[in-house]
Amino acid sequence: MRTLVTGGAGFLGSHLIDRLIEQGHDVVCLDNYFTGRKANIAHHLGNPNFELMRHDVTEPFRLEVDHIYNLACPASPPHYQYNAIKTIKTSVMGAINCLGLAKRVKARIFQASTSEVYGDPKIHPQPESYWGHVNPIGIRSCYDEGKRCAETLFMDYHRQNDVDIRIVRIFNTYGPRMNPEDGRVVSNFIVQALKGEDITIYGDGQQTRSFCFVSDLVEGFLRLMESDYTLPMNIGNPGEFTMLELAEEVLKQVGGPSKLSFQPLPSDDPQQRKPDITIAQRELGWEPKVPLAEGLGMTIEHFRKELGIA
Ligand code: NAD
Ligand code: UDP
């Protein structure tokens, strides 16, 4: 089985590649290293079942593969807002290039979509049937609308060209190998606490997110890819926390002198988010296993080592 992973040098992609290699797949990792790092996949270099391709998904490419996982796209708000137009191109042209390839070589293709398709949701928790509440012209739109358009493209290639698709809507996921400079909340809080810096809470910290540990998420990816479910599916951990609760848990585990520092809330920041995972439970027998406190512990250990903080 030859499998292409776009965005494979990133946080999620590198964990997915570990599992695919373990299962005996021949893996091609395609990445332009915008937010990914060679260090994330360096342990596979030299393995004859692993190939690395420096390439941008917005440019067409030709390969012979059986499965495609399309993960290429910056996921952290500061990174996807850095060049908003490039972010939309990555989602939309990246999807078109991957789907064109899937159609030509008759590969099964998996799209990393996001809970951001629900925007600032008015229905809570969010089932897949919810169409969302997304600002089409705000600072998060390049990411949210890019991912929504990619879902549309997947569904249209499926209906029109019979391409064999899988779509996962990923809810906030964290774990080892997040880039310390990533800018998302879990890595920010841990890195700040480890360095004894103030913890930056945006807004009043009462907004919620539901955090999934990376090993649970990747298990969901693999089960979805092996299933015959072709509609979008939520994968995430329904445990819901305010950002203040997250900061308290990180400080409890790390200790140290950090104080809370309240910063302005970025515009369009969703107030609440929690997956309804009924479909994943029914179709895949999947549910998350790692509670937040435990996953944070493993992530803190990773950052301690990476930053060289005893
Ligand atoms: P990440 O930023 O660590 O990884 C993204 C990878 O894509 C990086 O290796 C980056 O270099 C690569 N990339 C970006 N633009 C590219 C381009 N034009 N061509 C080729 N490669 C490119 O982020 P992640 O957390 O690993 O996210 C992976 C995927 O999962 C993304 O599509 C993201 O939107 C989606 N997702 C992640 C989360 C999460 O909580 N981690 C939540 C929802 C959706
Ligand atoms: N956030 C925060 N401090 C930070 C980074 C993020 O309070 O240093 C907040 C952010 O405003 C949002 C939540 O944490 O309400 C999750 O942010 P993240 O960027 O991780 O993901 P997303 O907003 O895309 O879910």
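Residues numbered from 1 in each chain as written. Chains lettered and ligands numbered in written order. Predicted model: local features only at pLDDT ≥ 70, side-chain atom pairs only at ≥ 80, totals over all residues. Heavy atoms only, no water.

(A) Looking closely at unusual backbone geometry. The peptide bond linking His124 to Pro125 adopts the cis configuration, its omega dihedral lying at -10°. Take Pro125: it is sitting in the loop between strand S5 (108–114) and helix H4 (141–161). Backbone geometry places Lys106, a non-glycine residue, at a positive phi of 55°. Positioned with a positive phi, Arg177 is a non-glycine residue whose angle comes to about 80°. Residue placement: Arg177 occurs in the loop between strand S7 (173–174) and helix H5 (185–195). (Helix = DSSP H or I, 4+ residues; strand = E, 2+ residues; numbered from the N terminus.)

(B) Local environment of the pattern of salt bridges. Per the stated rule, a full pass over the model turns up 20 salt bridges. Linking Asp269 and Arg140 is a salt bridge whose minimum nitrogen-to-oxygen distance equals 4.0 Å. On the criterion of sequence distance, the pair formed by Asp269 in the loop between strand S13 (260–263) and helix H8 (278–284) and Arg140 in the loop between S5 and H4 is long-range, its members being 129 residues apart. Note on Asp269: relative accessible area 11%, which makes it buried. Given the relative accessible area of 9%, Arg140 is considered buried. For Asp269, the salt bridge identified is with Arg209, shortest N-O distance 3.0 Å. Residue Asp269 is located in the loop between S13 and H8, and its partner Arg209 is located in strand S9 (residues 208–210); the two are separated by 60 residues in the primary sequence. Through salt bridges with shared partners, a single ionic network connects Glu116, Arg140, Arg209, Asp269 and Arg273. (Salt bridge = Lys/Arg side-chain N within 4 Å of Asp/Glu carboxyl O. Buried < 20%, exposed > 50% of the residue type's maximum accessible area, 1.4 Å probe, protein only.)

The values reported here are purely geometric and, on their own, carry no functional implication.
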